[in-house]
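# Coordinate analysis (summary)
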Amino acid sequence: MGEEVSQQEFSRADRTRHREKVRRCLDVFARMLRESRFDADDPMTGLEIELNLVDAAGDPSLRNTEVLEAVAHPDFQTELGQFNLEINVPPKTLAGGGLTAFEEGLRTSLNDAEAKAAEVDTHLVMIGILPTLSEGHMSPDNLSANPRYRLLSDQILAARGEDIVIDIAAAERLVTTADSIVPEAACTSTQLHIQVSPDQFAAYWNASQAIAGVQLALGANAPYLLGKELWSETRIPLFEQATDTRSEELKSQGVRPRVWFGERWATSVFDLFEENVRYFPALLPVIDNQDPLAELDAGRTPTLAELRLHNGTIYRWNRPIYDVVDGEPHLRVENRVLAAGPTVVDTMANAAFYFGVARALAEHERPLWSQMSFSAAEENFQTAAQTGIEAQLYWPGVGQISATELVLRRLLPLARKGLDAWGAAPEESDRLLGIIEQRCLTGRNGASWFTDRVHAVEAAGTGRSDALRRALLDYVERMHANEPVHSWD
């Protein structure tokens, strides 16, 4: 949904023409795959982080337009809510110090942005869900000013035909309704990208699906929503419910949700794009003037604009990406599992773990997914979202095992092997994977630290609202110190 959308209303004829154009794009995409037209000689990795905005008291700051004007840097963009921003870090290769370059560039950008945001009495926070959000912030008036967000909200509500219901139960239960997709804006994530060739895509996507539950267990950082203590990674059910276009009747009929783990291992990247076209009607049937087949026949690279926009409105936790850079097409796996934060160094540790394990599994001679059912991977994902770092997961050859023991015994060695294959410097791997190791040994991640802190403040007689605010201000202080979360007191 990063594309600009000018059209605000769509007729039945628009939708018919759009369906035909999307299928034409899909046919052209299939031909490009057959003809091996994709750039993957020097694969890049990428990083995006969604940020929350708060005032000095820790309450949401609805000033993303003013902050963007103050920051005035193209790496920073709007997100869905007025209390959100996103930073897109320039892609890099991991060889030759790429992880360190990512970390240093991210710290510099965020520090500069924080200083400029402070000029408009606003501060940046990296956390999966801002715990000081209240029901009053869930108004459509708090959507970002860009009209594409309101259009997307209107289209989802129109497809659904009724208000959105949020119903999440854990230690406590939250039940509320919304007349827009603003609750989706509460979900702020880290997105990791791996550029791959068409031949490698299925292996990298399957590897990413297989370890999604482990990623969630290690990186959970969203335990509170609208004052309630819920899942360790409440982003997962919140995002699933906030963008659901299905009525209860359609759910009962087995219609697939737009926020989707999937239902089978992939055999090619085409599988995923074809499923998106086959299963999901267009939310934004915008038609581009470019004829993709004519572009291809002329020796140019088609943008496949309709296919890409449609793909952007289907929220797989590992999303296939087709993109064109400097006239060359390429493919990426976009890993959307992780919450933002808690710190830059924790973010880079999460990235190193993902990049390393994904490569090791994708290139292993016996694929993990040949030994593990897809439903087991999805169950791991849901279990880890609920219980975080204490999750008990299934792993082939082991059976049920704690997420932390699985990482220590099996996955950290794989991550080191994968990072070596990327060409990462050994000292980078040692430092960042050492953070993952300590997180497992201490049993502390962002979610566990935050809930422990809130409980301690509440035990001293403070009410929930003030306890959340105090815990968030403590969190922000430690976030700026950039010490990994496992070391927080």
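One structure accompanies this document, and this report is about it. (Residues numbered from 1 in each chain as written. Predicted model: local features only at pLDDT ≥ 70, side-chain atom pairs only at ≥ 80, totals over all residues. Heavy atoms only, no water.)

Looking only at helices and strands, one finds 18 helices and 15 strands in the protein chain. By the compact-globule yardstick of 23 Å for 489 residues, the protein chain fits well, its C-alpha radius of gyration being 22 Å. Taken over 489 residues, the protein chain has a buried fraction of 60%. Counting only contacts in the protein chain whose residues sit at least 6 apart along the sequence, the fraction spanning at least 24 positions is 75%. About 18700 Å² of surface is accessible on the protein chain, with carbon and sulfur atoms providing 46% of the total. (Helix = DSSP H or I, 4+ residues; strand = E, 2+ residues; numbered from the N terminus. Rg over C-alpha atoms; globule rule 2.2 N^0.38 Å. Buried < 20%, exposed > 50% of the residue type's maximum accessible area, 1.4 Å probe, protein only. Contact = heavy atoms within 4.5 Å. Areas by Shrake-Rupley, 256 points an atom, 1.4 Å probe, with all protein chains shown as cover.)

Attention now moves to the pairing of strand 1 (residues 45-54). Strand 1 sits mainly inside the fold: 10 of its 10 residues count as buried. Pairing analysis gives 7 bridges linking strand 1 to strand 3 (residues 84-92), with the strands arranged antiparallel. In the sheet register, Asn52 faces strand 3, and the bridge partner there is Asn84. Here strand 1 runs beside strand 4 (residues 123-125); their pairing, made up of 3 bridges, is antiparallel. Across the sheet, Leu53 pairs through a bridge with Leu124, a residue of strand 4. (Pairing = 2+ DSSP bridges.)

This model, assessed by the stated rule, comprises 32 salt bridges. Two residues, Arg439 and Asp346, come together in a salt bridge whose shortest N-O distance is 3.2 Å. Taken as a pair, Arg439 in helix 16 (residues 426-442) and Asp346 in helix 13 (residues 344-362) lie far apart in primary sequence, 93 residues in all. Of the charged contacts, one joins Arg469 and Asp466 as a salt bridge, the two residues approaching to 3.3 Å between their closest N and O atoms. One end of the pair is Arg469 and the other is Asp466, both in helix 18 (residues 464-481) and 3 residues apart, which spans about a single turn. In the salt-bridge network here, residues are joined through shared partners; they are Asp244, Arg246, Glu248 and Lys251. (Salt bridge = Lys/Arg side-chain N within 4 Å of Asp/Glu carboxyl O.)

Contact geometry for helix 7 (residues 212-219) and helix 14 (residues 374-387): axes closest at 7 Å, N-to-C directions at 5 degrees. Taken together, the axes of helix 7 and helix 14 lie roughly parallel to each other. Within the contact between the two elements, helix 7 uses Ala212, Gly213, Leu216 and Ala217 and helix 14 uses Asn380, Phe381, Ala384 and Ala385. Its residues assigned to classes, the contact of helix 7 with helix 14 shows 6 nonpolar, 2 polar and no charged. (Axes fitted to C-alpha atoms, helices over the stretch in contact; angles between N-to-C directions. Parallel < 35°, antiparallel > 145°, perpendicular 65-115°, else oblique. Nonpolar A, V, L, I, M, F, W, Y, C, P; charged D, E, K, R; others polar.)

Our focus in this paragraph is the environment of Cys440. Relative to the elements of secondary structure, Cys440 occurs in helix 16. Cys440 gets classed as buried once you look at its relative accessible area, which sits at 6%. Taking the C-alpha atoms as reference, Cys440 lies 29 Å from Met44; in sequence the two are 396 residues apart. When neighbours within four sequence positions are excluded, Cys440 is seen to be in contact with Leu218, Thr404, Val407 and Leu408.

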